[in-house]
Amino acid sequence: MTQRDDDPLAGAGLQTLAVRAGQERTFEGEHSEPIFTTSSYVFPSAAEAAARFGGESPGNVYSRYTNPTVRTFEQRLAAMEGAEQAVGTASGMAAILSTAMALLKSGDHVVCSRNVFGTTTNLFGKYLAKFGVEVSFVPLLDQAGWREAVQPNTRMLFAETPSNPLCEVADIGFLSALAHGAGALLVIDNCFCSPALQQPLSLGADIVVHSATKYLDGQGRCVGGAVAGSAEHMSELVNFLRTCGPTMSAFNAWVFLKGLETLQLRMEAHSRNALALAEWLQAQPQVEKVFYAGLPDHPGHTLAAAQQRDFGGVLSFRVRGGREAAWHCIDATRIMSVTANLGDAKTTIVHPATTTHGRLSDEERAAGGITENLIRVAVGLEDVEDLKKDLARGFASLAE
Ligand SMILES: *Cc1c(COP(=O)(O)O)cnc(C)c1O
C-alpha cells in the first residue's frame with residue numbers, strides 16, 4: 001500500500017499500523033472490522049456491472065476476486081511488511097504455490113534452501129518439477145553452494161530464516177545480491193519471525209511469503225497464508241489467485257487481521273519466554289546442546305541481532321541419550337502440547353527426526369543436524385517457570 005501525503009498513517013510505527021492500517025469503515029460506523037460473509041456483490045446498474053467486469057470500475061464483483069475483509073487483512077499486512085501490496089491465500093502452501101505459478105514458467109530454475117518447511121521441498125521438487133521448473137537444493141548457510149547453484153536460467157532463490165528447527169540464520173543481504181546479480185527474485189518465507197521481528201523486503205528480498213496459520217493468527221484457529229511485494233509482482237499473484245482460486249476466506253482474514261493487532265506484543269513475549277527457557281536449558285546437566293539464536297554462543301547470533309528485532313519463539317535442544325531419551329522427555333510433559341504446529345499461545349513440543357523431518361533419509365537428517373536426541377519447542381505464552389517445570393519432569397526421571 002503506497003501511502004499518500006495526507007494519510008494519517010504515513011510514517012506511523014509498526015504497532016500503530018498493526019492496529020489501524022487497512023480499515024475502511026462502512027456507513028454503519030462500526031468500530032471493529034466486520035466480516036463480509038458474501039460470495040458476490042450487487043451492482044447498482046447494468047452499466048456499472050459492465051464497468052466492473054471490464055475492469056474500468058474498481059468495485060467488488062465476487063469474493064474469489066476481492067472481499068473487503070480480506071482486503072483489510074492484505075492492506076494491514078502490506079503496511080507491516082513495508083510492501084506496496086499483499087495478497088491473502090488459502091494456506092501457507094497456497095502462498096508458495098501461487099508465488100511460483102505466477103512468477104515462474106517451464107524451463108526456469110529455482111535455488112531453494114535445503115532447510116525449508118518439508119512440504120515446500122515437496123512442492124518444488126515434486127510438483128513444480130512436473131511442469132518443467134528445475135530446482136537445486138542448497139544448505140542454507142553454504143554461501144559458496146548458493147553461488148555455484150545459480151544457472152543462466154535461475155529466476156528465483158527461496159529461503160526461510162531463521163530455519164526450523166536449528167534456528168540457522170541466513171544473510172538476506174547476501175542472498176539478495178546474489179539473486180539480483182543473476183536476474184532472479186529473492187523469496188523469503190518470513191513465518192518464523194513475522195513482520196514484527198523481521199522485514200525481509202527492507203533487507204533486499206523481493207517477495208515475502210507467510211503461513212498465516214502460525215504467528216499471524218497466533219492462537220491456532222485458522223489455516224491461511226499471504227504473499228507481499230511490489231505492486232507489479234502482486235498483480236501477477238492477483239491474476240493467478242482469481243483464475244486458479246486458492247484465495248483466503250473472509251472469516252479467516254478477520255481472524256488474521258485481529259491477530260496482527262497483537263502480533264508485536266506476542267512476538268516480544270514469545271521471544272522473552274524462549275530466551276529464558278533456552279538459558280535454563282543450557283544449565284541442565286541432561287541437556288547436551290541448545291539451539292537458539294538469542295544465545296550469544298549460537299553461530300547465527302550476531303547476524304540475527306542485526307537482521308531481526310528479536311530472536312523469536314522457536315528453539316531446539318539435544319538431550320543426553322538417543323531417541324528413547326527424547327521421546328521420554330516429550331511424553332513426561334503435562335502442559336506443553338505434543339504437536340508439530342507452532343506460532344501458538346500454547347507451547348508445542350515435537351521430535352523432528354520422526355515427525356517434521358521423518359520423510360528425509362538418514363543421510364539427509366545427519367547432514368541437517370536432525371539427530372535422534374533433538375527436541376523442538378515452539379515456546380508459547382504460558383508462565384515460563386511452568387514451562388521449565390514441565391520439561392524438568394522428563395529430565396528428573398532421565399537422571400534416575
Ligand atoms: C507451516 C509452514 C508453511 C505452510 O503453511 P500452511 O499454512 O500449513 O500451508 C510454510 N512455511 C513454514 C515455515 C511453515 O512453518
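Described below are features of the structure shown in this document. Values in this document were obtained by computation on a predicted structure and should not be read as measured data. (Residues numbered from 1 in each chain as written. Predicted model: local features only at pLDDT ≥ 70, side-chain atom pairs only at ≥ 80, totals over all residues. Heavy atoms only, no water.)

## Description of the packing of helix α3 (residues 68-81) against helix α10 (residues 250-282)
Geometry of a packed helix pair, given as the angle between the helix axes and the separation of the axes. Contact geometry of α3 with α10 gives a least axis separation of 8 Å together with a crossing angle of 30°. Classed by the angle they form, the pair α3 and α10 counts as roughly parallel. When the axes of α3 and α10 are compared, the crossing they make is left-handed. Along its contact with α3, which presents T69, V70, T72, F73, R76, L77 and M80, the element α10 presents A250, A253, W254, F256, L257, L260, E261 and L263. (Axes fitted to C-alpha atoms, helices over the stretch in contact; angles between N-to-C directions. Helix = DSSP H or I, 4+ residues; strand = E, 2+ residues; numbered from the N terminus. Parallel < 35°, antiparallel > 145°, perpendicular 65-115°, else oblique. Left-handed = near helix turned anticlockwise from the far one by under 90°. Contact = heavy atoms within 4.5 Å.)

## Details of the site of the ligand
For the ligand, the full set of nearby residues is S91, G92, M93, F117, E160, D189, C191, F192, S211, T213, K214 and G224. Within the contact set of the ligand, an oxygen atom lies 2.9 Å away from a backbone nitrogen or oxygen of G92. Contacts to the ligand include T213, whose side-chain N or O atom sits 2.6 Å from an oxygen atom. When the free accessible area of the ligand is taken as 380 Å², the share hidden by the protein chains comes to 91%. Considered class by class, the residues forming the shell around the ligand number four nonpolar, five polar and three charged. (Near = heavy atom within 4 Å. Polar contact = N/O pair within 3.5 Å; in protein donor to acceptor, adjacent residues only side chain to side chain. Areas by Shrake-Rupley, 256 points an atom, 1.4 Å probe, with all protein chains shown as cover. Nonpolar A, V, L, I, M, F, W, Y, C, P; charged D, E, K, R; others polar.)

## Quick notes on the state of the cysteines
One pass over the full model with this rule turns up zero disulfides. No disulfide involves C167; its sulfur sits 9.7 Å from that of C193, the nearest cysteine. Given the relative accessible area of 5%, C167 is considered buried. The thiol sulfur of C222 is not disulfide-bonded, and the nearest other cysteine sulfur, from C191, lies at 15 Å. Its relative accessible area of 7% is what places C222 among the buried residues. (Disulfide = S-S within 2.5 Å. Buried < 20%, exposed > 50% of the residue type's maximum accessible area, 1.4 Å probe, protein only.)

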